[in-house]
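# Descriptive structure summary
So you can see what is in the structure, the chains are spelled out below.
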Amino acid sequence: MAGKDSKTKNTFVFVPLGGVGEIGMNLYLYGFGREGAHTWLIVDMGVTFGGELEPGIDVILPDIRFLEEERHNIAGLVLTHAHEDHYGAIPDLWPMIGRVPIYATPFTAEMLRGKLSEMRMDDDDLPLEVVPLGARRQIGPFDVELISMSHSIPEPMALAIRTPLGTVLHTGDWKLDETPLTSAPTDENRLREIGREGLDALICDSTNAIREGVSPSEGEVAENLVNLIRQAPACVAVTTFASNVGRLKSVANATHAAGRELVVVGRAMYRVIEAAQATGYLDPELRFHQETAFAQLPPDKVVALCTGSQGEPRAALSRIASGEHPHVSLKQGDWVIFSSRTIPGNEKAVGRVQNALSDDGIEILTDQDALVHVSGHPRRGELEQLYDWLKPDIAVPMHGEGRHLEAHAELAEDLGVKQVIRARNGTMVQLLPKPAAIVDDVPVGRLYRDGRILTSADEGQVRERRKLGFAGIASVSLVLTTKGELVADPEIALMGLPAEDNDGVPLEEIARDAAIGTVESIPRPRRKDPQLVSEAVRRGVGRPESGLGQETRLHRVDDGPLTAAKRARWEPQFPRTLPDKRVFQAGAEIHDWPFEPCRHCRAGPDGRHGGLPRHVGGEGLSRRGSARTWRSNGLHRTAEHQGRTLRGPGRQISDRGLPRA
């Protein structure tokens, strides 16, 4: 009976698909309804960025296979603010879930339209509803209230989500700041009212839960920037998060206060400035120059506001540091102010940029040297204040790596919260009815945007790129007859590998002999299976005793006969008469080589040695024992066979350039 009741009663659940156990890629679900029949509200749809473990990948997105299955049960998508890790995945993922309605504040909506335009997506029929802060909307079974918070971008908001079972507050990204310079401060009065009304569960930002105290104010950073830029002896470049409108405003004000000209460098900065001017957060008359004007201005009268605070390789500051920027350059004695905090995982990239600048004699200033940056996330003192205002019965830490989440969970327990749930991506937490508990899990993962292609992390191309980064690759090309005979020496291509082993033996020769030996070890009838031959050669060439021990790729096996189509394709390139038996290319000619048994390997009637052929009637060629070396155009051939070095004048014959069937 209890099991039947659990399937018929309504529940209010929380399911993170990204953002819990990591920084970035935020995507949260709230569900209301019976088990297996929930209606879903999506909160945020963000990305994270590829690092050294994802070579060639710029953007990583949450896997939404669960949402795709539930797309007919989605009430809407609410965006808490316009940071990439909260809204950046919409162009890729939103079309996959049935064009559900999107709810956003004016600034966030303007940023979203700009992003879609930049990606050449039509937003004319976008079901986007612009909602002012403080408003309430009924979205399916959810009564959603937008509450003003402080963060490093205009119009960040918390969501009070009400259902017939109770109320949950989702904080989004936030901090306590009385002078945020753009939006209004965190709405303390409304949060206290919600606490008095009775809050069942708090889903809360954990990013700075390991840091004691309270974050400084954005207003203090603005004052420090004025002082620093005034005393700078030469050109000043400032890099910060492009979306931090308050910081952009502070840099602009400090520039003009110091009697300098502002130059904006980086496309992302322009997009944010346009959105902020359109929504009233920046003066429409804000005076700044395009980056093309940098060289025409006196260096000691310029402040360059640059993208690239996280060491992104294609961002403005990285290109300036490497001397590759077409319009902006810095020299010894100039200053670069990193008005930002390095996101975990970006330390090496930021370090490379800073080292390159230092090598050129440029002075670096970071938040370790002066108050040039404050975080947009709450420290422990701010978390304590929020818990005091809201007094939730249940706490679920979100938005952080494991250590941040655990520090937050322990703090909530110390503050007397009745239940603290330690969730991770994919866990389904039943919030109401109480008691709260993890009741299920859903599939989660990562998607990679590889160029314009969206692929699953499970497909393995990034894993293979990582292998290539340290292992090298050996490529083997084989041509077999329909009887399973090699028609020529395998063609070997080595990339990222030494040319010789410790004994001076070319690795190409080692790989070729390993491939030949592997093929000849396969019973002739089984050689008709290209897949079997491919896998055997891959293992044979890649085994440690071969001397390579690297990842091996077999490019192709052509086991077909010489067809009329092949003859028609090849004859224009090679005017000599094509044979009807074993065909391969030697240099720029086509030859037919009959083979003899090799006395060294005691091969049978069909055996041969390592692709070294005996030519019948060939001019200028000679036999030298069973190794069958030969001379052509004065070139010399040395063969390695079963530990013996066989020498003689000769020429290597291979299938290089053999046309594909």
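Residues numbered from 1 in each chain as written. Predicted model: local features only at pLDDT ≥ 70, side-chain atom pairs only at ≥ 80, totals over all residues. Heavy atoms only, no water.

To continue, consider the overall build of the chain. Across its full length, the chain holds 17 helices and 31 strands. Looking at the chain residue by residue over its 661 residues, the buried ones come to 54%. Contacts spanning at least 24 positions in sequence make up 67% of the contacts within the chain whose residues lie at least 6 apart. Here the chain displays about 29000 Å² of accessible surface, and carbon together with sulfur accounts for 47% of that area. (Helix = DSSP H or I, 4+ residues; strand = E, 2+ residues; numbered from the N terminus. Buried < 20%, exposed > 50% of the residue type's maximum accessible area, 1.4 Å probe, protein only. Contact = heavy atoms within 4.5 Å. Areas by Shrake-Rupley, 256 points an atom, 1.4 Å probe, with all protein chains shown as cover.)

On to the packing of aromatic side chains, then. Scanning all chains against the criterion turns up 7 aromatic pairs. Seen from their ring centres, phenylalanine 14 and tyrosine 28 are 6.1 Å apart, and the 20 degrees between their planes marks the pair as stacked. Of this pair, phenylalanine 14 sits in strand β1 (residues 11-18) while tyrosine 28 is found in strand β2 (residues 27-34), placing the two residues 14 residues apart along the sequence. Across the pair, exposure class does not vary: phenylalanine 14 and tyrosine 28 are buried alike. (Phe/Tyr/Trp six-rings, centres within 6.5 Å; stacked < 30°, edge-to-face > 60°.)

This paragraph deals with the side chain of histidine 404. Inspection of the secondary structure assignment puts histidine 404 in helix α13 (residues 402-414). Among residues more than four places away in sequence, those in contact with histidine 404 are Ile23, Ser206, Thr207, Ala209 and Ile210.

Another point: the pairing of strand β11 (residues 157-163). Within a regular beta strand, the side chains point alternately toward one face of the sheet and then the other, so they alternate between its two faces. Counted residue by residue, β11 has 7 buried out of 7 residues, so it is predominantly covered. Where burial is concerned, the two faces of β11 agree: the one with Met157, Leu159, Ile161 and Thr163 and the one with Ala158, Ala160 and Arg162 are both buried. Examined bridge by bridge, strand β10 (residues 142-148) and β11 share 6 bridges and lie antiparallel to one another. Bridging from a neighbouring strand, valine 144 pairs with isoleucine 161 of β11. Here 5 bridges tie β11 to strand β12 (residues 166-170), and the two strands are oriented antiparallel to one another. (Pairing = 2+ DSSP bridges.)

In this section: the sheet that holds strand β8 (residues 128-130). Spatial ordering of the open sheet is given by β8-β7-β6-β3-β2-β1-β21-β22, a layout of 8 strands whose pairing is mixed. What marks the edges here is a single partner per strand, and that holds for β8 and β22 (437-441). Neighbour to neighbour, the strand axes of the sheet diverge by 25 degrees on average, direction disregarded. Inspection of the sheet shows strand β6 (residues 74-78) paired to strand β7 (residues 102-104) by 2 bridges, in the parallel sense. (Axes fitted to C-alpha atoms, helices over the stretch in contact; angles between N-to-C directions.)

Glancing now at the sheet that holds β11. Judged by pairing direction, the sheet is mixed, and its 7 strands sit side by side in the order β9-β10-β11-β12-β13-β19-β20 without closing on themselves. Each edge of the open sheet carries a strand with a single partner, namely β9 (136-139) and β20 (419-420). Those strands touched by helix α6 (residues 188-197) are β10, β11 and β12, and its axis lies near 140 degrees from that of β10. Those strands touched by helix α12 (residues 380-390) are β12, β13 (201-205) and β19 (394-398), and its axis lies near 160 degrees from that of β13.

So, on to the packing of helix α5 (residues 106-118) against helix α9 (residues 267-278). Interhelical geometry of α5 versus α9 gives an angle of 140 degrees and a closest axis separation of 9 Å. Taken together, the axes of α5 and α9 lie oblique to each other. Handedness of the crossing formed by α5 with α9: right-handed. For the pair formed by α5 and α9, the contact residues are Phe107, Glu110, Met111, Gly114, Lys115 and Glu118 on the first element and Arg267, Arg271, Val272, Ala275, Ala276 and Ala278 on the second. (Parallel < 35°, antiparallel > 145°, perpendicular 65-115°, else oblique. Left-handed = near helix turned anticlockwise from the far one by under 90°.)

Within this structure, the stated rule accounts for 0 disulfides. For cysteine 235, which is in no disulfide, the shortest distance to another cysteine sulfur is to cysteine 306 and amounts to 8.3 Å. (Disulfide = S-S within 2.5 Å.)

This part takes up α5. A rise of 1.5 Å per residue sets the reference length of α5, with its 13 residues, at 18 Å; its end C-alpha atoms lie 18 Å apart and thus fit the reference within 8%. Those residues of α5 not exposed but buried are Phe107, Thr108, Ala109, Met111, Leu112, Lys115 and Leu116. Considering only its buried residues, α5 is in contact with α3 (84-87), α4 (90-93), β7, β8, α8 (245-257) and α9. Following α5 by one or two positions, arginine 120 adopts a phi angle in the positive range, close to 60 degrees. (Expected span 1.5 Å × (residues − 1).)

This paragraph deals with unusual backbone geometry. Cis rather than trans, the peptide bond between leucine 432 and proline 433 has omega equal to -5 degrees. Checked against the element boundaries, proline 433 lands in the loop between β21 (427-432) and β22. Note the cis peptide between lysine 434 and proline 435, where omega equals 5 degrees. Tracing the backbone shows proline 435 in the loop between β21 and β22. You will see that leucine 181, though not glycine, has its phi angle at about 75 degrees, which is positive. Looking at the element boundaries, leucine 181 is found in the loop between β12 and α6.

Moving on: the pattern of salt bridges. By the definition in use, this model includes 34 salt bridges. Put simply, glutamate 145 and arginine 190 hold a salt bridge, and the shortest N to O gap is 2.7 Å. Here arginine 190 lies in helix α6 and glutamate 145 lies in strand β10, a separation of 45 residues in the sequence. Assigned by exposure class, glutamate 145 and arginine 190 land together as buried. A salt bridge links lysine 391 to aspartate 388; the nearest nitrogen and oxygen atoms lie 3.7 Å apart. A network of salt bridges, in which partner residues are shared, links Glu84, Lys115, Glu118, Arg267 and Arg271. (Salt bridge = Lys/Arg side-chain N within 4 Å of Asp/Glu carboxyl O.)

Here we come to the packing of helix α15 (residues 507-521) against helix α16 (residues 530-542). At their nearest, the axes of α15 and α16 sit 9 Å apart, and the two run at 135 degrees to each other. Relative to α16, the element α15 lies oblique. As for the relative orientation of α15 and α16, their crossing is right-handed in sense. In contact with Ala511, Ala514, Ala515, Thr518 and Val519 of α15, α16 contributes Val533, Ala536, Val537, Gly540 and Val541. When grouped by side-chain class, the residues that make up the contact of α15 with α16 number 8 nonpolar, 2 polar and no charged. (Nonpolar A, V, L, I, M, F, W, Y, C, P; charged D, E, K, R; others polar.)

Summarising the model, the chain shows a mean pLDDT of 83, and 81% of its residues fall at 70 or more. Note on residues 550-560: pLDDT under 50 across the span, and 53 contacts to partners over four residues away in sequence or across chains. (pLDDT = per-residue confidence, 0-100.)

Moving on: the environment of glutamate 54. Note that glutamate 54 resides in the loop between β4 (48-49) and β5 (59-62). On the basis of relative accessible area, glutamate 54 is assigned to the buried category, the value being 12%. In this structure, the C-alpha to C-alpha distance between glutamate 54 and valine 462, residues 408 residues apart in sequence, is 5.9 Å. The contacts of glutamate 54, once residues within four sequence positions are left out, are Ile60, Arg446, Tyr448 and Val462.

Positionally, arginine 211 belongs in the loop between β13 and α7 (218-231). Counting along the chain gives 168 residues from arginine 211 to arginine 379, while the straight-line C-alpha distance between them is 5.4 Å. If we skip the residues at most four places from it in the chain, arginine 211 touches Arg341, Arg379 and Arg380.

The next point concerns helix α14 (residues 461-471). Where α14 is concerned, the buried positions are Gln461, Val462 and Ala471. Those residues of α14 hidden inside the fold are in contact with β23 (446-450), β24 (453-456) and β25 (473-479).

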